[in-house]
Amino acid sequence: MNDRDRPVDWWRDAVVYQVYPRSFADSDGDGIGDIPGLISRLDHLEDLGVDAIWISPFYSSPLHDGGYDVADYRSIDSRLGTLADVDELVAQAHARGMGVIMDIVPNHTSSDHPWFVEALASEPESAAWDRYIVREGKGADREVPPNNWRSVFHGRGWSHVRDVDGNPTGYWYLHLFDTTQPDLNWENPEVRAEFRDILRFWFDRGIDGFRIDVAHGLVKEEGLPDFDYSAEDDGVRQDMFDEDLAHSPFWDQDGVHDIYREWRRVADEYDPPRVFCGETWVPNPVRLARYQRPDELHTSFNFDYLMAGWDADRMRRSIDDTIAQHAAVGAPPTWVLSNHDVVRHRTRLAPGYDNQTRLTCEVDEQRGLARARAATLFTMALPGSMYLYQGEELGLPEVRDLDPADRHDPAWHRSGGTDGTRDGCRVPLPWFGGTPSYGFNSSDASWLPQPADWADLTVTAEKGIEGSTLEMYRSALRIRRAEDALGAGALAWLDTPEGVLAFSRPSDTSAVIVVLNLTDSPVHLPASWGTDVLVESGDEVAVLDDDGQEHLVIGGETAVWLRG
Ligand code: GLC
């Protein structure tokens, strides 16, 4: 961050707010959120109390995968703004003391990128094609893909290289995602040099760091061997969130770490040094911590915790493993419950939610909200940094009843509607008012329709209302900033009955006790924990015990922070 009052290692316990720019705020009424819209609502983020924003891609893109298909890494999608707008955004965020983290997409480009356009006009064995992963097909007519790799978005992971007349050439290019997202060849020095240059381009403009898309995917195993899908292939779905796939020849290869050592050297050339957060879907905290070795990435997303669900044992195990593995490499853990790729945690944690029938299962939305608030409050007190996803501070649910015709997720279309439900967490934010667009813009255009019943979930509806989700987030973030015991530091577990988690965050001057009751019944806390509540997610009440001492009783599915 360029703010000289900030410590150089601000990222070690930062609260970072993810902006999905097309759905945040739309300044020109075309139905697509944009950078001027984001600038106009920075007050909300300052008021919320976050340390930095991470913005999903806003580069020039045909938007076949929400901007994760980049046609030009040095220009802005004209629907979202201009380079001058980004400069203004960085200046305004910094003036408010907030860092700006951009999103870089190095695993693949868009098929509209000039490199791929050049490749399409070149011979398959040419230097232009060597920037991508292209191989001859198998079979007499080379009509069979070079190996059995599949696309994360369903279907095969290879497409024909076609000649100028559209006929298959016998060569195939790899795309682990959509056909319009050809994988780059990271063995090619030109690719490596180009990305170092892109990093510098943006660092020179003053951005504070990058979130790295598919950070675990850049390097593929030599020889591109087939992968044995049989272990998890039930014919229903296969994706990168699957643990077994993480051991595949296309994810988490050792060679990827060299790239991040190079990138770290670039980031360290700057004053203050720029920072990285990797999107690393790896099977466990041991593999994850390898990305945070001192000469690699500063942080990475900890998806193990996100996947732990509403389960005390799994959560505790994930927290312990994560803290231990990160301590071994001297890195801070990160915690995240929602992002633009997963079902919003208000819905995902709700009773009744089922990952297989996620669009049709009956979900108890009210208990989902109680659980989401409790899980968030508990998570915000863990040591390390925390990522929030836009709209979770309002308690937004997943929108599960989008019309198929309105859906954009490429995986939805590639899977014939059996997967690819990521649009439901990307619906534009409600700011004020009783009907769509709820202040998202001043027209009624919206790239994804908003539900009719979000009037009570707008920023204005919740602001200043005691007990609202927004006010709980604001209070917790204010206390987190003020308390020495929170953010970076130690955690000590406290004894609890089954289904309850509690830890103390000690510091030299004070301590904070954090309790999460995952059961649906009230729980009595020991009198020694006191009754001085700093912030709570639900009901709590102080009562006298048999010895005449006061102790706290917290409701089911509730979290509290207490002055320890
Ligand atoms: C990452 C992004 C996701 C995108 C994919 C391909 O997982 O978070 O939105 O579709 O990479 O770039």
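Residues numbered from 1 in each chain as written. Predicted model: local features only at pLDDT ≥ 70, side-chain atom pairs only at ≥ 80, totals over all residues. Heavy atoms only, no water.

Trainee: Explain helix α3 (residues 83–95) to me, using residue names and the numbers behind them.
Mentor: Counted at 1.5 Å a residue, the expected span for α3 with its 13 residues is 18 Å, and the 18 Å between its end C-alpha atoms agrees. Every buried residue of α3 is accounted for by Val86, Leu89, Val90, Ala93 and His94. Projected down its long axis, α3 shows its buried positions confined to an angular sector of 120°, all on one face. Opposite its buried face, α3 presents the exposed residues Ala84 and Ala95, each directed more than 90 degrees away. The inward-facing, buried residues of α3 abut α1 (35–40), α2 (42–48), β2 (52–55), β4 (72–76), β5 (99–104) and α6 (189–204). Following α3 by one or two positions, glycine 97 has its phi on the positive side, about 80°. (Helix = DSSP H or I, 4+ residues; strand = E, 2+ residues; numbered from the N terminus. Expected span 1.5 Å × (residues − 1). Buried < 20%, exposed > 50% of the residue type's maximum accessible area, 1.4 Å probe, protein only. Arc of directions from axis to C-beta. Contact = heavy atoms within 4.5 Å.)

Trainee: Go over the pattern of salt bridges with me, naming the residues and quoting the values.
Mentor: Taken as a whole and assessed by the stated rule, the structure comprises 39 salt bridges. For arginine 316, the salt bridge is made with aspartate 320, and the minimal N-O distance between the two is 3.7 Å. On the criterion of helical spacing, the pair formed by arginine 316 and aspartate 320 is a turn pair, its members being 4 residues apart in helix α10 (residues 312–329). The exposure class assigned to arginine 316 is partly exposed, which follows from its relative accessible area of 32%. Several salt bridges share partner residues, and in doing so they unite Asp65, Asp341, Asp409, Arg422 and Arg426 into one network. (Salt bridge = Lys/Arg side-chain N within 4 Å of Asp/Glu carboxyl O.)

Trainee: Break down the site of the ligand for me, with residues and values.
Mentor: Surveying the vicinity of the ligand reveals 15 residues, the closest of which are Asp65, Asp213, Glu279, His340 and Asp341. One of the side-chain N or O atoms of aspartate 341 is found 2.5 Å from an oxygen atom in the ligand. Relative to its free-state accessible area of 310 Å², the ligand is covered by the protein chains to the extent of 100%. Its residues assigned to classes, the shell around the ligand comprises 5 nonpolar, 3 polar and 7 charged. (Near = heavy atom within 4 Å. Polar contact = N/O pair within 3.5 Å; in protein donor to acceptor, adjacent residues only side chain to side chain. Areas by Shrake-Rupley, 256 points an atom, 1.4 Å probe, with all protein chains shown as cover. Nonpolar A, V, L, I, M, F, W, Y, C, P; charged D, E, K, R; others polar.)

Trainee: Pulling in residues and values, what's your account of unusual backbone geometry?
Mentor: With an omega of -5°, the peptide bond running from aspartate 271 to proline 272 counts as cis. Its place among the elements puts proline 272 in the loop between α7 (256–268) and β10 (275–278). That bond from proline 436 to serine 437 is cis: its omega, 10°, falls within 30 degrees of zero. For serine 437, the location among the structural elements is in the loop between α13 (410–414) and α14 (459–462). Positive phi outside glycine occurs at histidine 154, with the angle close to 85°. Mapped onto the secondary structure, histidine 154 falls in the loop between β6 (134–136) and β7 (158–162). Residues other than glycine seldom take positive phi values, yet tyrosine 438 does so here, at roughly 50°.

Trainee: Run through the packing of α6 against α7, naming residues and quoting values.
Mentor: Packed helix pairs are specified by the crossing angle of their axes together with the interaxial distance, meaning the distance between the axes. Two elements in contact, α6 and α7, have axes separated by 10 Å at closest approach and are oriented at 30°. Here α6 lies roughly parallel to α7, going by the angle between them. For the pair α6 and α7, the sense of crossing is right-handed. Two secondary-structure elements touch here, α6 through Arg192, Phe195, Arg196, Leu199, Arg200 and Phe203 and α7 through Asp258, Ile259, Glu262, Trp263, Val266 and Ala267. Classifying every residue of the contact of α6 with α7 gives 7 nonpolar, no polar and 5 charged. (Axes fitted to C-alpha atoms, helices over the stretch in contact; angles between N-to-C directions. Parallel < 35°, antiparallel > 145°, perpendicular 65-115°, else oblique. Left-handed = near helix turned anticlockwise from the far one by under 90°.)

Trainee: Explain the sheet that holds β2 residue by residue, including any values.
Mentor: Pairing in this open sheet of 8 strands is parallel, and the strands run β11-β10-β9-β5-β2-β1-β13-β12 from one edge to the other. Two strands in the sheet have a free side with no partner beyond their single neighbour: β11 (299–300) and β12 (334–336). Here 2 bridges tie β10 to β11, and the two strands are oriented parallel to one another. For cysteine 277, the partnering residue across the bridge sits in β11 and is threonine 299. (Pairing = 2+ DSSP bridges.)

Trainee: Could you give an account of the pairing of strand β1 (residues 15–19), naming the residues involved and the relevant values?
Mentor: Counting buried residues along β1, 5 of its 5 residues qualify, which places the element largely inside the surrounding structure. Burial along β1 is two-sided: Val15, Tyr17 and Val19 facing one way and Val16 and Gln18 facing the other are all buried. Where β1 meets strand β13 (residues 385–389), 4 bridges bridge the pair, whose relative direction is parallel. Along β13, the bridge assignment pairs tyrosine 17 with leucine 388. Where β1 and β2 come together, 4 bridges link them in parallel fashion. For valine 19, the partnering residue across the bridge sits in β2 and is isoleucine 55.

Trainee: Could you give an account of the pairing of strand β20 (residues 550–554), naming the residues involved and the relevant values?
Mentor: Most of β20 sits inside the fold, with 4 of its 5 residues counted as buried. For strand β17 (residues 523–524) and β20, the ladder comprises 2 bridges, and the chain directions are antiparallel. Residue pairing across strands places valine 523 opposite isoleucine 554, the latter belonging to β20. Relative to β20, strand β19 (residues 540–544) runs antiparallel, the two being bridged by 5 bridges. From the neighbouring strand, leucine 544 faces β20, where its bridge partner is glutamate 550.

Trainee: Report on the packing of aromatic side chains, specifying residues and quantitative values.
Mentor: The way to describe two aromatic rings as a pair is by their centre distance and the angle between their planes. Across all of its chains, the model carries 36 aromatic pairs by this definition. Plain terms: the ring middles of phenylalanine 153 and phenylalanine 177 are 5.3 Å apart, the flat faces sit at 70° to each other, and that makes the pair edge-to-face. Residue phenylalanine 153 is located in the loop between β6 and β7, and its partner phenylalanine 177 is located in the loop between β8 (168–174) and α6; the two are separated by 24 residues in the primary sequence. For the pair formed by phenylalanine 153 and phenylalanine 177, the shared burial category is buried. When the ring of phenylalanine 203 is compared with that of phenylalanine 276, the centres are 6.2 Å apart and the planes differ by 55°; the resulting orientation is tilted. Of this pair, phenylalanine 203 sits in helix α6 while phenylalanine 276 sits in strand β10; the two residues are 73 residues apart in sequence, bridging distant segments of the chain. Residue phenylalanine 203 shares its accessibility class with phenylalanine 276, and that shared class is buried. Directly above the ring of tyrosine 229 sits arginine 150, whose terminal nitrogen or CZ lies 4.1 Å from the centroid. (Phe/Tyr/Trp six-rings, centres within 6.5 Å; stacked < 30°, edge-to-face > 60°. Lys NZ or Arg CZ within 6 Å of the ring centre and 35° of its normal.)

Trainee: Describe in detail the side chain of serine 415, supporting the description with residues and values.
Mentor: Along the polypeptide, serine 415 turns up in the loop between α13 and α14. One polar contact links the side chain of serine 415 to the main-chain carbonyl oxygen of tryptophan 412, over a distance of 3.3 Å.

Trainee: How would you explain the sheet that holds β8 if you had to name every residue and give the values?
Mentor: Taken in spatial order, the 3 strands of this open sheet run β6-β8-β7, and their pairing is antiparallel. What marks the edges here is a single partner per strand, and that holds for β6 and β7. Geometrically, the sheet is characterised by an average inter-axis angle of 40° between neighbouring strands, direction not taken into account. Relative to β8, β7 runs antiparallel, the two sharing 4 bridges. Among the inter-strand pairings, tryptophan 158 is bridged to a residue of β8, identified as leucine 174.

Everything listed here is a matter of coordinates, which is why it stays silent on function.
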